[in-house]
Amino acid sequence: MVFPNRIGSPPSPTSPRLPALEAVPPQTAAQSSAAAPEGPDVPRHPSPARGHAQPGRPRTARLPAVGGTLAQAARPAISDAAWKRMAALPPEQRQRLNAKERETVAQAVNELRRHVEASGIDFVPVFGFWSLRTNNHQELGKASQAEVIEGRDTQPARALDYRMDYVASTEYRGRPQHPGAVASIAPSEGGQVPGTLLKLPFDRAEELLTVLLAREVGAEADLRSPPDAEGAPRSSLMYRPVVRPVQMDDGSTLHALLFETNPESAKSLSQVFGDDEGLTAERLAFFIASSEGGFERDGKKLGGPSADYWKAGMQRLAETGDAPDPLLAQAYRIATGSRAPDGRLALDAMVGAAVPRGTWHGQKGWLALTEGRLPAVYAQPAGAVALAQHRQHQQALDGVLTAWRSGDVARAARAQGGDVRAALAQAVPRLLQESGFDPAVYAASALGASGHGRHLLHSESDARSDLQGLCALQVVAFDPARHPAVLPHPEACAVFEVPRPAGDGTAAQGGPVTVAVFLHRGIDGVSGGLERPRGDPFAPGRVLH
């Protein structure tokens with residue numbers, strides 16, 4: 001969960017509130033039982049804590065109402081109109097979501113309503129993890145943490161069949177040039193995440209839940225997921241609201257709202273790498289180590305460095321006696337051990353980490369360093385001469401691109417509201433010629449085991465730049481006999497046929513090698529999971545963001 005220093009903090013008791021909740025006839029109490037999954041923000045616990053029942057035989061919770069025993073007479077309840085307003089979100093929040101995202105929120109709220117009304121409780125249950133375990137007064141509408149009373153306002157709980165997960169943060173806990181990471185949870189059979197059940201009181205439920213939903217589904221919306229293969233919208237939400245049973249101290253269960261990683265999100269670190277290794281401790285360490293992040297809103301500091309966020313979280317785990325997730329423990333050691341006393345970050349221990357452009361931009365050879373740290377993505381030109389020519393291509397292309405971005409064509413595209421990257425794609429053949437691009441430099445890359453080799457020519461990792469979005473210029477040399485279906489491709493800007501290099505034993509009988517330059521939109525070629533395009537023609541079936 002993001003919980004930066006409270007993103008969009010709930011109003012204080014003196015702030016204007018949403019309309020008062022109408023009283024409606026009480027619903028018939030009905031028990032509900034289900035297997036217990038895990039909750040959002042805290043690492044897995046290796047075994048149930050003392051006092052926690054084993055997850056094999058959960059019982060349905062019959063929690064007492066705030067202030068005593070479960071009320072049997074008519075009592076205040078959340079009206080139908082209030083539930084509908086919560087499911088719809090306020091107009092300013094709703095308009096930021098696409099149809100699929102609005103449907104996701106509405107389904108979660110409607111399911112939460114069914115369980116609240118069926119169980120006979122007089123609060124709205126929300127499962128909190130990570131920082132929400134011990135810092136939850138704002139979510140409960142309290143002025144300070146001292147006002148939160150366990151039993152009345154919160155109750156220890158555990159989300160089962162979940163594991164610790166991680167999402168990238170480019171606003172609250174990082175920057176596009178070096179994203180940070182924040183905690184999340186994801187379904188995992190047999191796992192468990194300790195946390196806290198928050199009891200949002202009925203008389204403020206609409207106000208508090210609306211703020212919570214708007215924050216969790218609206219935060220970090222700077223990266224939009226592209227449509228699926230059929231053109232249907234995909235959800236870009238960082239977190240996905242769902243209703244799942246959580247387990248109490250006595251082994252009983254209660255359905256609660258929780259926020260899990262949205263697997264379609266461009267910020268899901270478990271998904272974006274798209275290779276066999278996935279999220280390793282070395283890669284996660286890079287995001288944990290980010291020393292940037294946060295901003296001011298209405299005079300309040302929100303967020304902060306990812307490194308500070310994880311330091312505080314690890315201290316909380318030590319205080320509660322919960323063991324950190326093994327992946328997190330290893331990544332945290334790497335991250336904290338890689339920063340020098342003067343603040344400089346050494347990346348040598350972060351093998352395979354994503355290295356966004358801003359980390360190297362302005363330093364000589366930053367593209368070369370990026371390629372060197374991503375050997376599973378980028379090939380090295382054969383020989384010292386070819387490698388030197390490749391570096392010359394990168395430098396020369398950067399120069400002509402800089403001039404083009406300030407030229408008439410780019411200015412006209414911006415003025416007309418068009419996509420500057422589309423105009424750039426049309427200009428690529430001319431820019432390659434002006435920069436002295438020689439496709440034969442890359443021919444030998446097509447002769448390897450995979451039949452292709454990818455090289456990075458240019459990267460734009462700032463979605464707010466004058467190019468109006470992420471993009472990467474990549475050159476791929478490939479054997480057309482082994483990859484006959486690659487072309488035509490909608491993002492191929494220039495295609496060359498070059499003689500097959502001599503000395504590989506096939507020059508006499510083999511045909512020419514194809515060298516294609518692609519301008520891929522929506523990726524920057526250097527960030528975690530954004531090195532290859534979605535629907536990569538050289539890796540069929542790969543799902544990337």
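The rules we used
- Residues numbered from 1 in each chain as written.
- Predicted model: local features only at pLDDT ≥ 70, side-chain atom pairs only at ≥ 80, totals over all residues.
- Heavy atoms only, no water.
- Helix = DSSP H or I, 4+ residues; strand = E, 2+ residues; numbered from the N terminus.
- Buried < 20%, exposed > 50% of the residue type's maximum accessible area, 1.4 Å probe, protein only.
- Lys, Arg positive; Asp, Glu negative; His and termini not counted.
- Salt bridge = Lys/Arg side-chain N within 4 Å of Asp/Glu carboxyl O.
- Polar contact = N/O pair within 3.5 Å; in protein donor to acceptor, adjacent residues only side chain to side chain.
- Phe/Tyr/Trp six-rings, centres within 6.5 Å; stacked < 30°, edge-to-face > 60°.
- Lys NZ or Arg CZ within 6 Å of the ring centre and 35° of its normal.
- Axes fitted to C-alpha atoms, helices over the stretch in contact; angles between N-to-C directions.
- Parallel < 35°, antiparallel > 145°, perpendicular 65-115°, else oblique.
- Left-handed = near helix turned anticlockwise from the far one by under 90°.
- Contact = heavy atoms within 4.5 Å.
- Core = buried A, V, L, I, M, F, W, Y, C linked by side-chain atoms within 4.5 Å.
- Pairing = 2+ DSSP bridges.
- Nonpolar A, V, L, I, M, F, W, Y, C, P; charged D, E, K, R; others polar.
- Arc of directions from axis to C-beta.

A. Structural view of the side chain of Arg158. Structurally, Arg158 can be placed in strand 3 (residues 154-169). For the buried residue Arg158, which engages in no salt bridge, the nearest side chain bearing the opposite charge is Asp322, 4.6 Å off. A distance of 3.1 Å separates polar atoms of two side chains, one belonging to Arg158 and the other to Gln192.

B. Geometry of the packing of aromatic side chains. Counted under the stated rule, the structure contains nine aromatic pairs. Ring geometry for Trp130 versus Trp310: centroids 5.1 Å apart, planes at 55°, classification tilted. Here Trp310 lies in helix 6 (residues 306-320) and Trp130 lies in the loop between strand 2 (123-128) and strand 3, a separation of 180 residues in the sequence. On the basis of relative accessibility, which here comes to 2%, the residue Trp130 falls in the buried class. Ring geometry for Tyr309 against Trp310: centres 5.1 Å apart, planes inclined by 85°, an arrangement best described as edge-to-face. What links up through ring pairs into an aromatic cluster is the set Trp130, Tyr166, Tyr309 and Trp310. Positioned above the aromatic ring of Phe123 is the side chain of Lys199, whose terminal nitrogen or guanidinium carbon lies 5.4 Å from the ring centre. Seen from the ring of Trp130, Arg316 lies directly overhead, with NZ or CZ sitting 5.6 Å from the centre.

C. Representation of the packing of helix 10 (residues 383-405) against helix 12 (residues 420-434). Relative to each other, helix 10 and helix 12 sit at 135°, their axes nearing to 10 Å. Our classification of the angle between helix 10 and helix 12 gives oblique. As helix 10 packs across helix 12, the resulting crossing turns out to be right-handed. Where helix 10 abuts helix 12, its residues Leu397, Val400, Leu401 and Trp404 lie against Val420, Ala423, Leu424, Ala427, Arg430, Leu431, Leu432 and Glu434.

D. Spatial organisation of the nonpolar core. Counting residues in hydrophobic clusters, the biggest one holds 78 residues, and the most contacted among them are Val124, Trp130, Leu209, Val246, Leu257, Leu269 and Trp310. Here the element with the most residues in this core is strand 4 (residues 180-201); it accounts for eight residues. Leave out the neighbours within four places in its chain, and Leu269 touches Tyr166, Val167, Ala168, Ala181, Leu279, Leu284 and Phe287.

E. Representation of the pairing of strand 9 (residues 452-460) within the structure. Of all the nine residues making up strand 9, nine are buried; the element is thus mostly covered by neighbouring parts of the structure. Inspection of the sheet shows strand 9 paired to strand 10 (residues 471-478) by eight bridges, in the antiparallel sense. Counted as the bridge partner of His455 is Val475 from strand 10.

F. Examining the sheet that holds strand 9 more closely. What the four strands build is an open sheet, ordered 9-10-12-11; its pairing is antiparallel. In the strand order of this sheet, the two ends are held by strand 9 and strand 11 (492-498), each with one partner. Taking each pair of neighbouring strands and ignoring which way they run, the sheet shows an average axis angle of 15°. On the sheet, helix 10 packs against strand 9 and strand 10 and is oriented at approximately 35° with respect to strand 9. Sheet contacts for helix 12: strand 10, strand 11 and strand 12 (513-521); angle to strand 12, the most-contacted strand, approximately 150°.

G. Highlighting the packing of helix 1 (residues 80-88) against helix 3 (residues 99-119). It is the contact of helix 1 with helix 3, at a shortest axis distance of 8 Å, that shows an interaxial angle of 150°. Counted together, Asp80, Trp83, Met86 and Ala87 of helix 1 and Val105, Ala106, Val109, Asn110, Leu112, Arg113, Val116 and Glu117 of helix 3 form the full contact between these two elements. Considered class by class, the residues forming the contact of helix 1 with helix 3 number eight nonpolar, one polar and three charged.

H. Fine view of the pattern of salt bridges. Tallying each qualifying case throughout the model produces 21 salt bridges. The closest approach of N and O atoms between Glu139 and Arg215, which form a salt bridge, is 2.9 Å. Here Glu139 is found in the loop between strand 2 and strand 3, whereas its partner Arg215 is found in helix 4 (residues 205-218), with 76 residues between them in sequence. Note on accessibility: Glu139 and Arg215 belong to one class, buried. Linking Asp153 and Arg152 is a salt bridge whose minimum nitrogen-to-oxygen distance equals 2.7 Å. The class for Arg152 is partly exposed, based on a relative accessible area of 30%. Salt bridges linked by common partners bring Asp80, Lys84, Arg113 and Glu117 together as one network.

I. View of unusual backbone geometry. With omega at 0°, the peptide bond leading from Leu487 into Pro488 counts as cis. Among the structural elements, Pro488 can be located in the loop between strand 10 and strand 11. Phi is positive for Trp130, close to 55°, though the residue is something other than glycine.

J. A look at the environment of Gln192. Here Gln192 lies in strand 4. Taking relative accessible area as the criterion, Gln192 reaches 8% and is therefore assigned buried.

K. Inspection of helix 1 at higher detail. Looking only at helix 1, the buried set comprises Ala82, Trp83, Met86 and Ala87. Taken around the axis of helix 1, the buried residues stretch over an arc of 135°, which confines them to a single face. Phi turns positive one or two residues past the end of helix 1, at Leu89, with a value near 65°.

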